Structures are given as C-alpha cells and as structure tokens.
Amino acid sequence: MRKEISLSGIPASPGIAMGEVFLLDKEEIEIKKQRLEKHQVKKEIERFKNALEKTRKEIQVIKERIKKRVDPEQTKIFDAQLLILEDKVINSEVIRQIEKNKFNAEWIYKKTIEKTINSISSSKDEYLKERVYDIEAVSNRLLSHLLGKRRKALDRIKRPAVLMAHSLSPGDLVNIRKDKLSGFATDLGGGTSHVALLAKSLGIPAVVGLKDGLKNMNKGDFVIIDGDRGVVIVSPDEVTIFQYEAKQKDILKKKRKLLSLKSLPGETKDKKKIEIQANIELLEDVEMATKYGAEGIGLYRTEYLYLARSELPSEEEQKKAYQRIAEKIYPLPVVLRTFDLGGDKFAGDRSDIVEANPFLGWRAIRACLDLPELFKIQLRAMLEASAKGNLKIMFPMVSGVEELKEAKSILNQVKEELLLKKINFDQKIKIGIMIEIPSASLMADSLAKECDFFSIGTNDLIQYTLAVDRGNERVSHLYQSFHPSVLNLIKLTIEAAHRNGIWVGLCGEIAANPFATVLLIGMGIDELSTSPMAIPQIKKIVRSVTYIEAKEFAQKVLKISDLQKIKKLLEEDYKKRFGSEGIICLY
C-alpha cells in the first residue's frame, strides 16, 4: 500500500471524483529540420494547406459532436480554435518562410507558433497566459496531420476512470465518453482555460496546474479529485475516502440550497442593496452567470476578442460581440473594459516591443492613448452596440486625472463622429475606471469628479501596493489580500466615491473570498463582481448579515495594523456565522 499523497493545483471545475487513474503520458512531437530543393517548395506549400484543411474538418467534427452533448453555445470554444488555425497573418508567414528559407512546413510552422506563444507567455496577465494552451492544442493537432500521427491514447479508456495528463485540449475532452470519465487533472492549465470552461459545462470535476503531478502517479492508483479546493489525493486511506464520500453528499445538498437563491436579490437583512455580478471572458459565460443568479456583468474582459490572433479584431467583429452580450443579459447591465493588453500585444510595427518589466510598462490605457486610432475602433464598436442602454465603458490602469480626461476626450470625438453619421447609440452611456494603482486610490476624489463609477481591481492593487510579483515563487507569500495597507486603500476609494455621488464595485479575487464579504459590505462597497460559480455563496453571505453589524465589524478590522490578527479575526467571524465547514466553495 502506498502512502497517501496530497497534491495542490488550481480549481478548474467543481465537484468530487474518485476512481482508478488513467495515465495519459505527455505527448512529445519531434520535428526535424529538413532542407528543401527549389522544385519541392510548391509541393511543400500544398502539403501545409492540405494539413490546414484536414485540421479544420477535424475541429468541425468535434464542434458538431459537442452540440449534441452540451449547450450549443459551448461550440464557441471551437470557433476560437478555428480562428487560431485560420489566422491569415500566421499562415501567410509560414508560406513566406517556406518560399524564402526552403525548410519543411512543420519546422517553419512550429517556429512561427513558438514566437506567438513566447509573446503571450511573457505577459503578466494570467488570463492571457492561459490562452497559450488553446494555441498549443490547435498547433499540435495541425502538426500531427503534417507528421501523419494520430493521438489514440484516449480511446483506451474502457471503464469509468480519473484521467491524469500533462495537458488536455477541449477536443480531447469532448472525445471521451462522459460515462467513462469521472474527473481529470492536468499538470498545465489555468482556471479560465478553455478545457476548464468546457469541464464546467460538462459537469466534470477537474483540477489543473499541478505542475509535476503526473510524476506522482502510477497506473491503477486510486485517486480523489477535489475540484472545489483544487486538490488531488493519490492513494487515499480509508478515513480520507470516507470523509470525501460524506462530503460528496453534503456538497450536493448545499448546492441545491444555494441555487434556490438565484432569483433573490443581493441585499442584507436590513435591505442594504449589494449588486452581485459576474466577471466573464466568453459569450457562453453569460449562460453560467444567469444560471447562478448574477445581477449583471460587472466585468467583461474584452481582451479575449484579441487573444490568439496576430491582429486586432475589426470594428464590426467587436460590435457584434458586444451586441450579443448586451442582448443576452438585457435588461441587466454590462461593464465593458477596454483592452487591457501590453505593448507587445498590438499588431503592426509595435508588435516587437520587448520590455524589461511589462507589468509596469506600456499596457492597458497607456497603450490605447498612444494608439488613438486603434482605441477609437474599440470605442466606436462599444458605442454602436450600446443602443439598448445597458452597456457601460470602463478604462483599466488609470493612474491619474490626466489619463482619464484624455480617454474621455477621445471617446467624445467618437461620439461626435457617430452623431454626424446619425448612428444610434446610448448618448448617456456611463463611464468608469478601474482603481488598481495606489496613485488612483490616493487621487480618488479628483477621479470621481470625472467619471460615473469605480471598480476596484484588487489583483493589481495588491501587487502594486506591496511591490510583490505573485508569479515569483520567492516573494509570492508576501502577496496578501488582507494587508492593512490594501484594506485602507479600498476604504479610501469607497469613501471618495460616495463623497462624490458615484457607486463603487470590486472585481478582483477578493470579491469571491467568503472571508472578505462581510468586511467589504461594512466598508460600504456597492457591488461585487466575481466568477459566476462563486455568486450563490457570496449572495448567501450578503443575505445573512445586517449592514449595521457589517459596519461595526469593518471598523473593528480597520483599526488593526497586524496582518495575522486581521486574518484571524476574519476567519473567526466567518466560522462564528457559518460553522467550521463554512457554506461551500463552488468555484
């Protein structure tokens, strides 16, 4: 008997799965560099085009198959993969390189894709970095066709099993019969990767980002996947198995009870309204948001429209995307955040910019203000999609009043152009900013006079305030959500917003942390925007307290300057209200 091993990863899809492990070894695609003769170039280009067509047909087959298994909206995942496959800039570059350098197609294509992946991987934005797995899935599929190889390992799953793999693509997942797959875990991946989103839609418990988890597995091991906590337990003992069997039953019971809150408003016992909204990246996320009772979309990360492409989406493409979101959620509100991308993510002659510290560099509103014509395209698309009246525009990474005024000036120019062309749009559209830089918090009074709302982005605010790169393992322990300096900046921002008659929300990870909910209510937050699956739990907490007692609790917390004492007080208060097990972690 092996000793029990517990591995930590990232929660990808909630639920618990138990069973025998099926190991899918890391697939290595070996590619050799081969010189072509001049007369072979034309044939090699045709071979590349044929592989593109085979891959396109293969993805289309998977897309049709998934329509029969889950919500047809989930096929958008494969539309995104087709966009990657059919990227004209990438494919034209491959053909050009074959003609110029006369090397084999697979070698040229791999090098071209690696350049794209390296560019995205250098980003500090975790969401952007997770899209790398989608690009790799498509490129591996195409390379397999070029090399004449097929991945058949997944066909060997003959009975219900827990799948362990280095990585999985959405295509891999949909090709496995659900009755043969209890759950899965991967070394790579993130919580918003396409395979994670699809797993949620299919209702398959999953954990990703185990790093080297596969090396701890042996064929035939019994494992437990805890998709709620992001934990994988290898060779659990009898006590652990008994505990998880009981937890499975308890989770089902609590989920049913929490989902009964769907149609109830987010308000405290004494009727203080707290809007509980959803953060989304994909159109299909709207379905998840409404399923879990979101009262609107508090953050739509528009970067997704640009992701995995070598050029910015057209104005028409953007307009249609924003219109679909507005229509799907209507009459509830949608906050569209303008592109939060780094300098190396823009097409054209700026695409080769390399910065020593891009996280503090040319990104978000800074890049947009330097590229006003590109910025105008997005703003025009947003305005043209706003006719229903439920869209709002939000600028990221604003550090001072000057930037906000300049962004508003460009927006006003676009409005005037649309008025001259007699194009209908919401002329009273609300404008907000992300408060994610300490300077913005300190200047909140002045900024509040220039906009209609704030949304506090705590993920960046924490890092900038504490000078901590949470991606750096040596200092990531210093990234502390409840550091007194961070809490004071949040409070400062909320007070400045209310003094100037505007509302303030919070869309960072703290919004999903149940230990923070009562504190944030007491600090005066008006809106919390979080992952859709966290909404029922946060709504339950909001409806379990009074605003008066939350204010008293917040005052008590804000007087403490010791981080550990703050964390202890938050934990004690949570346990006092909901017991040692808490409510449940759905996300």
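Computed from a prediction, not measured in an experiment: that's the story for all the values here. (Residues numbered from 1 in each chain as written. Predicted model: local features only at pLDDT ≥ 70, side-chain atom pairs only at ≥ 80, totals over all residues. Heavy atoms only, no water.)

When helices and strands are tallied, the protein chain shows 22 helices and 16 strands. Taken over 587 residues, the protein chain has a buried fraction of 56%. Here the analysis covers contacts within the protein chain between residues at least 6 apart in sequence; of these, 70% occur between residues at least 24 apart. Of the roughly 26,300 Å² of accessible surface on the protein chain, 50% is carried by carbon and sulfur atoms. (Helix = DSSP H or I, 4+ residues; strand = E, 2+ residues; numbered from the N terminus. Buried < 20%, exposed > 50% of the residue type's maximum accessible area, 1.4 Å probe, protein only. Contact = heavy atoms within 4.5 Å. Areas by Shrake-Rupley, 256 points an atom, 1.4 Å probe, with all protein chains shown as cover.)

Our next topic: the packing of helix α17 (residues 458-466) against helix α18 (residues 484-499). Between α17 and α18, the shortest axis-to-axis distance is 10 Å and the interhelical angle comes to 125 degrees. With respect to their mutual orientation, α17 and α18 come out oblique. Where α17 crosses over α18, the handedness of that crossing is right-handed. Counted together, Thr458, Leu461, Ile462, Thr465 and Leu466 of α17 and Ser485, Val486, Leu489 and Ile490 of α18 form the full contact between these two elements. Split by residue class, the contact of α17 with α18 holds 6 nonpolar, 3 polar and no charged. (Axes fitted to C-alpha atoms, helices over the stretch in contact; angles between N-to-C directions. Parallel < 35°, antiparallel > 145°, perpendicular 65-115°, else oblique. Left-handed = near helix turned anticlockwise from the far one by under 90°. Nonpolar A, V, L, I, M, F, W, Y, C, P; charged D, E, K, R; others polar.)

Here 8 strands make up a closed barrel; going around it, the order is β9-β10-β11-β12-β13-β14-β15-β16 and the pairing parallel. Between one strand axis and the next, the sheet turns by 25 degrees as a mean value, whatever way the strands run. In this sheet, strand β12 (residues 391-395) lies alongside strand β11 (residues 334-337) in parallel orientation, the contact comprising 4 bridges. Note that in β12 the partner of leucine 336 across the bridge is isoleucine 393. (Pairing = 2+ DSSP bridges.)

Structurally, threonine 116 can be placed in helix α4 (residues 105-121). On the basis of relative accessibility, which here comes to 19%, the residue threonine 116 falls in the buried class. Excluding residues that lie within four positions of it along the chain, threonine 116 makes contacts with Ile90 and Ile135.

Moving on, we get to a nonpolar patch on the surface. A contiguous nonpolar surface patch, about 270 Å² in accessible area, is contributed by Leu442, Met443 and Leu492. Looking at the secondary structure, you find leucine 492 in helix α18. (Patch = residues over 30% accessible without salt bridge, like charges linked within 9 Å, V, L, I, M, F, W, Y side chains within 5 Å. Salt bridge = Lys/Arg side-chain N within 4 Å of Asp/Glu carboxyl O.)

Strand order in the open sheet formed by 8 strands is β1-β8-β7-β3-β4-β5-β6-β2, and the pairing between neighbours is mixed. Two strands lie at the open edges of the sheet, namely β1 (5-8) and β2 (10-13), each paired on one side alone. Here the strands of the sheet are splayed against their neighbours by 30 degrees on average, with no regard to which way each runs. Pairing of β1 with strand β8 (residues 231-234), which is carried by 4 bridges, proceeds in the antiparallel orientation. Bridged to leucine 7 within β8 is valine 232. Along the sheet face, helix α9 (residues 238-259) touches β3 (16-24), β7 (222-226) and β8 and points at about 120 degrees away from the line of β3.

As enumerated under the stated definition, the model contains 28 salt bridges in all. For arginine 47, the salt bridge identified is with glutamate 44, shortest N-O distance 2.6 Å. In this pair, arginine 47 and glutamate 44 are both assigned in helix α1 (residues 41-67), 3 residues apart and thus about one turn of the helix distant. With relative accessibility at 9%, the residue glutamate 44 sits in the buried group. Note that glutamate 549 is salt-bridged to arginine 577, the shortest N-O span being 3.0 Å. On the criterion of sequence distance, the pair formed by glutamate 549 in helix α21 (residues 547-558) and arginine 577 in helix α22 (residues 563-578) is long-range, its members being 28 residues apart. Among the residues examined, glutamate 549 registers a relative accessible area of 27% and is labelled partly exposed. What makes arginine 577 partly exposed here is its relative accessible area of 27%. One network of salt bridges, with partners in common, ties together Glu303, Arg337, Asp340, Arg363 and Asp460.

The next thing to look at is the packing of helix α13 (residues 372-384) against helix α14 (residues 401-420). Running from N to C, α13 and α14 point in directions that differ by 60 degrees, and their axes come no closer than 9 Å. Taken as axis vectors, α13 and α14 run oblique relative to one another. Helix-helix and strand crossings are classified by hand; for α13 and α14 the assignment is right-handed. Residue-level contacts link Pro372, Phe375, Lys376, Leu379, Arg380, Leu383 and Glu384 of α13 to Ala407, Ile410, Leu411, Gln413, Val414, Lys415, Glu417 and Leu418 of α14. Looking at the contact of α13 with α14 residue by residue, the class counts come to 9 nonpolar, 1 polar and 5 charged.

One finds Tyr300, Phe395 and Phe454 to be the most contacted residues of the largest nonpolar core, which totals 91 residues. Those residues within four positions of phenylalanine 395 in sequence are excluded, and the remaining contacts are Thr338, Ile365, Phe375, Leu379, Leu404, Ala407, Lys408, Ile431, Gly432, Ile433 and Met434. Listed in part, the 48 residues of the second largest apolar core include Leu85, Ile98, Val138 and Ile157. (Core = buried A, V, L, I, M, F, W, Y, C linked by side-chain atoms within 4.5 Å.)

Right, let's talk about the pairing of β7 for a bit. Buried residues dominate β7, accounting for 4 of its 5 residues. Note that β7 and β8 share 4 bridges and pair antiparallel. Counterpart to aspartate 226 in the pairing with β8 is valine 231. Counted along the chain from β7 to the antiparallel partner β8, the turn is 4 residues long, and its residue glycine 230 has a positive phi close to 75 degrees.

Here the protein chain averages 86 in pLDDT, and 85% of its residues register 70 or above. Throughout residues 347-352 the model reports pLDDT below 50, and contacts reaching past four residues in sequence, or to other chains, amount to 11 contacts. The low-confidence segment residues 583-587, where pLDDT is below 50, has 29 contacts with residues more than four positions distant or belonging to other chains. (pLDDT = per-residue confidence, 0-100.)

Turning to empty space enclosed by the protein, a few remarks are in order. Counted under the stated rule, the structure contains 2 cavities of 30 Å³ or more. Estimated volume of the second largest cavity: approximately 40 Å³. Surrounding the second largest cavity, Pro514, Phe515, Val518, Ile541, Leu570, Asp573, Tyr574, Arg577 and Phe578 form its lining. Across the lining of the second largest cavity, the residue classes tally to 7 nonpolar, no polar and 2 charged. (1 Å grid on protein atoms, 1.4 Å probe; cavity = no way out; pocket = protein on both sides within 12 Å on 5 of 7 lines; lining within 4 Å. Points joined across faces, edges and corners; volume = space filled by probe spheres on them.)

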